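# Fold and contact review
Here's the letter readout for the chains.
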Amino acid sequence: MSAQSAATATANERVKTLTLDSTQIYLTALNSTTSTLSFPPIPSSFPPSNFIPNTRFLIDSFRHPFTAFSASYFLSHFHPDQYSGLSPSWSKGIIFCSHLTCLLLIETLKIPPRFVFALPLNDPVLVDGCEVILIDANHCPGSVQLLFKVPTKNGIFERYVHTGDFRSCNPMKLNSYLIGFVGCDAIFLDTTYCDPKCIFPSQEESIDYVVSVVDRIGKEFGRRRVLFLIATYVAGKEKILVEVARRCKTKICVDGRKMEILRVLGYGDGEVFTEDESESDVHVVGWSVLGETWPYFRPNFVIMEEIMVEKGYEKVVGFVPTGWTFEVKRNKFAVQTKDTFEIHLVPCSEHSNYDELKEYVKFLKPKKVIPTVGMDFEKLESKHADEMRKQFDGLIDEMDNKDLLMGFHRGNCETVEKVERDANEERVMERNKNMFEIKTVESNDMDVSSNDVSYVHKPDSQDSTIPSEEERERIIEETRDSLPKWVTRDQILDLVSSSRWNIVEAVSNFYEHEIEFYEQVSVFRTFESASHASSPNSPISLSKSGPFRSSTDESVNTNLSQVSKSPSLKLTRWSNISPSKRKKNTEKRSNKKVKSNSKLESSGSKQPTITSFFSKLLPDDSKGGKTDRKN
Ligand SMILES: [Zn+2]
């Protein structure tokens, strides 16, 4: 291209670039006669994951008290976690989002259209002087990642990537706009599964699985005898539904609310979805109808039976598309059965798994990683925060550039406006800063970490090299962090050595046999207190004769028989309470109606690491709709 034509192209692009002033759009929406607006400074307590530095762009943040600081709101996608705070009476600012999300906001949430502004995909626009580009997030229909180029005083741009909720995939990395953000100043990262344990199959594998089960059982039983129930949210999992319909040659029955969403998404022609129950044996049900899913699955066979009787079927097969749960192992699909009911847990996450997150960060090489999920800003010294930091250490250790910095971008708060802070806030800030302080990675550390990475990410590796003593200690410590506190060092040693020093495998093996391990500790402690003869470090050999073997507690066995795939958290919880309380809880849980264990989950500081890590991600009842975070 000649210099002249290049200049013409640039000029044309300039002409095409949509230039928006959010304040003016907002004033027009308000039908206001004034021409300016003033907002107070963004306070230091504002969650750093929800605003873009040096702007007033608030991301997925519509809840009071975070709504008084801006007229520019961005919504990454149409999930309750993100749009919580929006209602038909919304008038606090302009919501920028994708076309599809815009439609969903107007059609289903009844947000006044004058407060919603649809931005194009893969097409830069200027909002308040900043270049904004929306790219696909591979999460739910309409979901986007937000790319921001923010001019600074020196005529230089700061570049930020906000992933919203996303499932990273290779085609994403070919997006030329995203490539332009390699080396960006920060990535606001969907850290839902930022943990080495969080590995699960690809979306395609999961869809294949559902299709094969529907096909096999459907043929075996024939029409009107077996009912298939697929649990989804109001908006979500459309990909599975469409594929099941196409490949099993059946329509999918949905309720009116889901149909309303599907119409907006372009499925309103009746080809795939129907509201007429008699037209299909594959019905969509609400998210928690088949049971609670997080952090481990608790089936609700009672409701399944009610539905079966009501609809006149002989058998019910349920599918629960999960994210990562304790049941999820790579390439495995857990099934829970009772009488004529079966429930298949299908890892079909719309969030990136651990490996995908690492790959994405490695690709983008950001200067900072700001987690958007799972951080509890009021408890910065929590074990959970520490766990999250460790995962980022792991991410940055992998990268070639040792100078890359990661951590919380608390400094952003200072640059936005001069903000008055009280001494306490300063202390919190300082603690936070220290916690996520950038670490210069020394060459020795790099060597060690690259060894770690090889253990973590090559679970099938046959490499039987025994690591050095120092490396073994690191592996033992890392494994310990993923296990309940009652697990002894000898048990951990047995686990990692029998798993070829592979941490993921060791932790997986543990949760498959947690009862055995727990019983070993109990028996050992009983023996120890009776005889006072054993050393605390006496080796305990692992039982290989199958789970539940030596349990003498009938109620425990009864309960476990219903959730035999997922006993882990129960024991994890029990390990912190007295045997009598444990018995009581067991009896409570054996009630037919499965209840939330949220109270138990939040009990006590001795909560095992893995539980506390994820319990922070648990839905807060007051916020509602948070289960979608895990899927
Ligand atoms: Zn989401």
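Residues numbered from 1 in each chain as written. Predicted model: local features only at pLDDT ≥ 70, side-chain atom pairs only at ≥ 80, totals over all residues. Heavy atoms only, no water.

Taking an unreviewed UniProt entry as the reference, the protein is identified by name as DNA repair metallo-beta-lactamase domain-containing protein belonging to Gossypium raimondii. What UniProt records for the protein under Subcellular location (unreviewed entry) is the sentence "Nucleus". (UniProt positions renumbered as here; feature names shortened; annotations may be inferred.)

## What about the pattern of salt bridges?
Summed over all chains, the structure comprises 16 salt bridges. With a closest N to O distance of 3.7 Å, Asp-185 and Lys-367 form a salt bridge. Within this pair, whereas Asp-185 is found in the loop between α5 (176-179) and β10 (186-189), its partner Lys-367 is found in the loop between α10 (354-364) and β20 (369-371), the two being separated by 182 residues in sequence. Salt bridges sharing common partners tie together Asp-208, Glu-243, Arg-246 and Arg-247. (Salt bridge = Lys/Arg side-chain N within 4 Å of Asp/Glu carboxyl O. Helix = DSSP H or I, 4+ residues; strand = E, 2+ residues; numbered from the N terminus.)

## Overview of the packing of aromatic side chains
What the rule picks out here adds up to 20 aromatic pairs. Between Phe-74 and Phe-148, the aromatic rings sit 5.2 Å apart at their centres with planes inclined by 90 degrees, giving edge-to-face as the arrangement. A residue pair is termed long-range when its members are at least 10 positions apart, and Phe-74 in strand β3 (residues 72-74) and Phe-148 in strand β8 (residues 144-151) qualify at 74 residues. Across the pair, Phe-148 and Phe-74 agree in class, each one buried. Between Phe-96 and Phe-117 the ring centres are 5.7 Å apart and the planes differ by 50 degrees, which places this aromatic pair in the tilted class. Placement of the pair is Phe-96 in strand β4 (residues 94-98) and Phe-117 in strand β5 (residues 116-119), with a sequence separation of 21 residues. With relative accessibility at 23%, the residue Phe-117 sits in the partly exposed group. Through a chain of ring-to-ring contacts, the aromatic side chains of Phe-57, Phe-74, Phe-96, Phe-117 and Phe-148 assemble into a single cluster. Of note, Lys-149 hangs over the ring of Phe-157, and the distance from its end group to the ring centre comes to 5.3 Å. (Phe/Tyr/Trp six-rings, centres within 6.5 Å; stacked < 30°, edge-to-face > 60°. Buried < 20%, exposed > 50% of the residue type's maximum accessible area, 1.4 Å probe, protein only. Lys NZ or Arg CZ within 6 Å of the ring centre and 35° of its normal.)

## Some thoughts on the environment of Thr-250
As for its placement among the helices and strands, Thr-250 is situated in the loop between α7 (238-248) and β12 (252-253). Each C-alpha atom of the pair Thr-250 and Glu-271 lies 9.6 Å from the other, and the pair is 21 residues apart in sequence.

## As for a negative patch on the surface
Negative charge collects at one region of the surface, where Glu-305, Glu-306, Glu-310 and Asp-339 lie side by side. Within the secondary structure, Glu-310 sits in helix α9 (residues 301-311). Here Glu-310 falls in the exposed class, since its relative accessible area comes to 65%. (Patch = residues over 30% accessible without salt bridge, like charges linked within 9 Å, V, L, I, M, F, W, Y side chains within 5 Å. Areas by Shrake-Rupley, 256 points an atom, 1.4 Å probe, with all protein chains shown as cover. Lys, Arg positive; Asp, Glu negative; His and termini not counted. Charge placed at Lys NZ, Arg CZ, Asp CG, Glu CD.)

## Regarding the sheet that holds strand β9 (residues 157-162)
Strand order in this open sheet of 7 strands is β1-β6-β7-β8-β9-β10-β20, and the pairing throughout is mixed. One side of each edge strand has no neighbouring strand; the edge strands of this open sheet are β1 (18-20) and β20. Ignoring which end each strand starts from, the neighbouring axes of this sheet average 20 degrees apart. Taken strand by strand, α10 contacts β8, β9, β10 and β20, and its axis lies near 160 degrees from that of β10. (Pairing = 2+ DSSP bridges. Axes fitted to C-alpha atoms, helices over the stretch in contact; angles between N-to-C directions. Contact = heavy atoms within 4.5 Å.)

## Some remarks on the sheet that holds β5
Read from one edge to the other, the open sheet built from 4 strands follows the order β2-β3-β4-β5, with strand pairing classed as parallel. Here the strands that pair on one side only, and so sit at the sheet edges, are β2 (57-59) and β5. Between one strand axis and the next, the sheet turns by 30 degrees as a mean value, whatever way the strands run. Across 3 bridges, the pairing between β2 and β3 is parallel. Residue pairing across strands places Ile-59 opposite Phe-74, the latter belonging to β3.

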